[in-house]
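# Overview (structure and organization)
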Amino acid sequence: MTDKNVTESPWTEWRSVTPARLALGRAGAGMPTDEVLRFGWAHAMARDAIHAALDVPKLEAALHDQGWTVAHTHSRAPDRTTYLRRPDLGRVIDPDEIAKLRTVPLVRSDVCIVIGDGLSSIAIDRHAAPLLAALKPLLANELKQAPVIIATQARVALADEIAELLQAKLSIMLIGERPGLSSPDSLGIYITHAPFRGRNDAGRNCISNVRPEGMSYAAAAFKLTWLVREALNRGLTGVDLKDESDLALLTGGNTARLPGPIA
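Throughout this document, residue positions are counted from 1 along each chain, in the order its sequence is written. In keeping with the predicted nature of the model, local features appear solely for residues at pLDDT of at least 70, side-chain atom pairs appear and are counted solely at 80 or more, and the whole-chain, interface and lining totals rest on all residues. Note: side-chain values were computed over all heavy atoms of the structure, leaving out hydrogens and water.

Short version of the rule: UniProt positions are given in the numbering used here, feature names are shortened, and annotations may be inferred rather than shown by experiment.
As annotated in an unreviewed UniProt entry, the protein chain carries the name Ethanolamine ammonia-lyase small subunit and comes from Candidatus Afipia apatlaquensis. Check the Catalytic activity (unreviewed entry) section of the UniProt entry for the protein chain; it says "ethanolamine = acetaldehyde + NH4(+)". The record held by UniProt for the protein chain lists under Subunit (unreviewed entry) the comment "The basic unit is a heterodimer which dimerizes to form tetramers. The heterotetramers trimerize; 6 large subunits form a core ring with 6 small subunits projecting outwards."

Next up, the structure:
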């Protein structure tokens, strides 16, 4: 039976093509009960994404199965509450961890990949390993890499200090993005050439909303590979590097081969 007090929005059909909260309908002066319940569920999912701890052993095992070398670190934020209240502490490495990272065998690395829990560990749990599986075949054999670093209580800028310590030319940070009411598990990617502690965000390129409901792993890996190649070739990232990977795809550009170490 249809509730005669519920007024359907003429935009209801749009809901079939977007997870956005639109065309919610109306029951008297308020929203229908089912929409109120959906909002509460989405809000709870977003809160869980922020507070849940990253399952580091599970992620490390998945990366080892793909053939990656893995190391660990964490920021100066000692716990989740501090991390949320003090964003600055999430951008720098804990002093004790600096000594540990210096023991990691150094190669002449072009790229340092950092995986940070960020504001959604759920995004990392679900999407980091599948994304790296899609990325790995696109990296040329001659492209030397530092170990993949799993970082907890991490903000984006933490990758700058890690890559600087490992003497990498470019950092890639995979991080859980701030949850939304329709996307609690969105993964973001930040690419920074010449990373160092104190680097500002104008020097980064970003790929956002990597997840099955957003940008696919294959599409994100293609775009990331293009940006890495261009960053190493041009010696820059950020506002000076415009993402033209879509044009390269349309014109049949080859992103499967990246440059070797650049002098």
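Let's pick the thread back up.
## Let's talk about the overall build of the protein chain
Under the convention used in this document: By definition, any uninterrupted DSSP run of H or I lasting at least four residues is a helix, any uninterrupted run of E lasting at least two residues is a strand, and each is numbered from the N terminus. Burial classes: relative accessible area under 20% of the type maximum marks a residue as buried, over 50% as exposed, and values in between as partly exposed (1.4 Å probe, protein chains only). In what follows, a contact means two residues having at least one pair of non-hydrogen atoms within 4.5 Å. Here the open area of atoms and residues is found with the Shrake-Rupley method and a 1.4 Å probe, where only the protein chains shown may cover a residue.
Summing up its helical and strand segments, the protein chain has eight helices and eight strands in all. Residue burial in the protein chain is summarised as follows: out of 263 residues, 46% are buried. Considering only contacts in the protein chain between residues 6 or more positions apart, those separated by 24 or more positions represent 69%. Of the roughly 13400 Å² of accessible surface on the protein chain, 54% is carried by carbon and sulfur atoms.

## Some thoughts on the pairing of strand S6 (residues 170–176)
For clarity, the threshold we go by: The pairing criterion for strands is at least two bridges between them, as found by DSSP.
Of all the seven residues making up S6, seven are buried; the element is thus mostly covered by neighbouring parts of the structure. The alternating pattern of S6 places Leu-170, Ile-172, Leu-174 and Gly-176 and Ser-171, Met-173 and Ile-175 on opposite faces, both of which are buried. Alignment of strand S4 (residues 111–116) against S6, held across six bridges, turns out to be parallel. Counterpart to Cys-112 in the pairing with S6 is Ser-171. Pairing geometry for S6 and strand S7 (residues 187–193), over seven bridges, is antiparallel. By the bridge assignment, Leu-170 is partnered in S7 with His-193.

## Looking at unusual backbone geometry
One non-glycine residue, Gln-167, lies in positive phi territory at about 60°. Tracing the sequence through the fold places Gln-167 in the loop between helix H6 (158–165) and S6. Residue classification places Gln-167 among the exposed positions, given a relative accessible area of 55%. Located in the positive-phi region is Asn-209, a residue other than glycine, with phi close to 60°.

## So, the packing of helix H2 (residues 56–66) against helix H5 (residues 121–135)
Our working definition: Here the axes come from fitting lines to C-alpha atoms, over the contacting stretch only for helices, and the angles between their N-to-C directions go from 0 to 180 degrees. Here the word oblique covers every angle except those under 35 degrees (roughly parallel), over 145 (roughly antiparallel) and from 65 to 115 (roughly perpendicular). Note on residue classes: Ala, Val, Leu, Ile, Met, Phe, Trp, Tyr, Cys and Pro are nonpolar, Asp, Glu, Lys and Arg are charged, and everything else, Gly too, is polar.
Following both chains from N to C, one finds H2 and H5 inclined at 10°, their axes separated by 10 Å at the closest point. In terms of orientation, H2 lies roughly parallel with respect to H5. Here Leu-59, Ala-62, Leu-63 and Gln-66 of H2 come into contact with H5, specifically with Ile-124, Ala-128, Ala-129, Leu-132 and Ala-133. Grouping the amino acids of the contact of H2 with H5 by side-chain chemistry returns eight nonpolar, one polar and no charged.

## A short note on the sheet that holds S4
Here six strands make up an open sheet; going across it, the order is S3-S5-S4-S6-S7-S8 and the pairing mixed. Here the strands that pair on one side only, and so sit at the sheet edges, are strand S3 (70–74) and strand S8 (204–210). Pairwise comparison of adjacent strand axes, ignoring direction, gives a mean angle of 20° for this sheet. Lying over the sheet, H2 contacts S3, S4 and strand S5 (148–152), oriented at roughly 170° with respect to S5. Against the sheet, helix H7 (residues 217–234) engages S4, S6, S7 and S8, with an angle of about 175° to S8.

## With respect to a nonpolar patch on the surface
We apply this condition: For patch detection, residues must exceed 30% relative accessible area and be free of salt bridges, and they are connected within 9 Å for like charges or within 5 Å for nonpolar side chains (Val, Leu, Ile, Met, Phe, Trp, Tyr). Salt bridge, as applied in this entry: a Lys or Arg side-chain nitrogen positioned within 4 Å of an Asp or Glu carboxyl oxygen.
A cluster of nonpolar side chains, Trp-11, Trp-14 and Val-17, forms an exposed patch at the surface whose accessible area comes to about 400 Å². Along the chain, Val-17 turns up in the loop between strand S1 (6–7) and strand S2 (26–27). Using a relative accessible area of 71% as the deciding quantity, one classes Val-17 as exposed.

## What about the pattern of salt bridges?
By the definition in use, this model includes 16 salt bridges. The shortest N-O distance in the salt bridge between Lys-223 and Asp-246 comes to 3.6 Å. Residue Lys-223 is found in helix H7, and its partner Asp-246 is found in helix H8 (residues 245–250); the two are separated by 23 residues along the sequence. On the basis of relative accessibility, which here comes to 12%, the residue Lys-223 falls in the buried class. Through salt bridges that share partners, Arg-126, Asp-185, Arg-211 and Glu-213 make up one connected network.

## Some thoughts on the confidence of the model for the protein chain
Worth spelling out the cut-off: Each residue gets a pLDDT score, which is the predictor's confidence in that residue and runs from 0 to 100.
Summarising the model, the protein chain shows a mean pLDDT of 86, and 88% of its residues fall at 70 or more. Across the protein chain, the element-wise mean pLDDT spans from 60 in S1 up to 97 in S7. Confidence drops under pLDDT 50 across residues 255–263; counting only partners more than four residues distant or on other chains, this segment forms 35 contacts.

## Section: the UniProt feature "binding site: adenosylcob(III)alamin" (unreviewed entry) in the protein chain
Stated formally: A 3.5 Å cut-off defines polar contacts: any pair of N or O atoms within that distance qualifies, except that in protein one atom must be a possible hydrogen donor and the other a possible acceptor, and neighbouring residues in sequence count only when both atoms are side-chain atoms.
In this structure's numbering, the residues bearing the UniProt feature "binding site: adenosylcob(III)alamin" (unreviewed entry) are Val-156, Glu-177 and Cys-206. In terms of the greatest pairwise C-alpha distance, the residues named above, spread along 51 residues, form a tight cluster of at most 11.4 Å across. If you trace the backbone, Glu-177 turns up in the loop between S6 and S7. If we skip the residues at most four places from it in the chain, Glu-177 touches Leu-119, Ser-120, Ser-186, Leu-187, Gly-188, Ser-208 and Asn-209. Reaching out from Glu-177, the side chain makes a polar contact with the side chain of Ser-186 at a distance of 2.4 Å. Excluding its chain neighbours within four sequence positions, the residues that come into contact with Cys-206 are Ile-189 and Tyr-190.

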